[in-house]
Amino acid sequence: MKKRNSLPFIFLLTLCFAALACGSGAVKNSDGVYEFQPGAFRPKKFPVEIPFHSTESRLQNYYQIESIFCTGKARGSRSTGGYTFVVKGRAVKDSSNLSMGRRTFELLPLAASSSAVTGMATAYIFPQVPAGEPFEFEFTGLFDGYFDVSDFGGFLLTD
């Protein structure tokens, strides 16, 4: 008996599921975290909460990230396009005496369609904060021409 190749069927099935998910917006998973579906980053109003994941790293030793919000398209005379984001959290350990190099972490955009890192990884310097204190900082990312926002699925934070 001739063995049939099931690859075309699997590909067609994957396309059907992708079409159903496309444009469906942010979905709350079982952990209560919002995750974007492919094609979902088209907010009608800001701020909008952005899903994120962080690796076991120095970042988690010093900073507990509580939320990342997108506040809208970047503006200003020096704007290179992209979107403005606000990171909020609380210091786990005292980072007051850490050098800039030890407070520098990467935020990598993730593709919603595959959860793979896509686009430019960008390094950001986190603030010096005493243990237990809240912190907040702003950055601009997802620059025009460097990232397809229609496939944005959140950020990966790592060393």
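Please read these numbers as outputs of a predicted model, since none were measured by experiment.

Under the counting rule described, the total for this entry stands at two salt bridges. Notably, a salt bridge pairs Arg 58 with Asp 159, separated by 3.8 Å at the nearest N-O pair. Residue Arg 58 is found in helix α2 (residues 58–62), and its partner Asp 159 is found in the segment after β10 (152–158); the two are separated by 101 residues along the sequence. The class for Asp 159 is partly exposed, based on a relative accessible area of 40%. Of the charged contacts, one joins Glu 66 and Arg 90 as a salt bridge, the two residues approaching to 3.9 Å between their closest N and O atoms. Of this pair, Glu 66 sits in strand β5 (residues 63–73) while Arg 90 sits in strand β6 (residues 83–91), placing them 24 residues apart in sequence. Judged by its relative accessible area of 34%, Arg 90 falls in the partly exposed class.

Before going further, it helps to spend a moment on the sheet that holds β6. The strand order β3-β5-β6-β9 describes an open sheet built from four strands, whose pairing is antiparallel. Each edge of the sheet is formed by a strand with only one pairing partner; in this case those strands are β3 (48–49) and β9 (134–141).

Turning next to the pairing of β10. Burial analysis of β10 places seven of its seven residues in the buried class, which makes it a mostly covered element. Both strand β4 (residues 52–54) and β10 contribute to a ladder of three bridges, which runs parallel. If you follow Ser 54 over to β10, its bridge partner there is Leu 157. Here strand β7 (residues 104–111) pairs with β10 via five bridges, running antiparallel. The residue bridging Glu 106 from the neighbouring strand is Thr 158, located in β10.

Thresholds applied
- Residues numbered from 1 in each chain as written.
- Predicted model: local features only at pLDDT ≥ 70, side-chain atom pairs only at ≥ 80, totals over all residues.
- Heavy atoms only, no water.
- Salt bridge = Lys/Arg side-chain N within 4 Å of Asp/Glu carboxyl O.
- Helix = DSSP H or I, 4+ residues; strand = E, 2+ residues; numbered from the N terminus.
- Buried < 20%, exposed > 50% of the residue type's maximum accessible area, 1.4 Å probe, protein only.
- Pairing = 2+ DSSP bridges.

The analysis is restricted to geometry; functional conclusions fall outside its scope.
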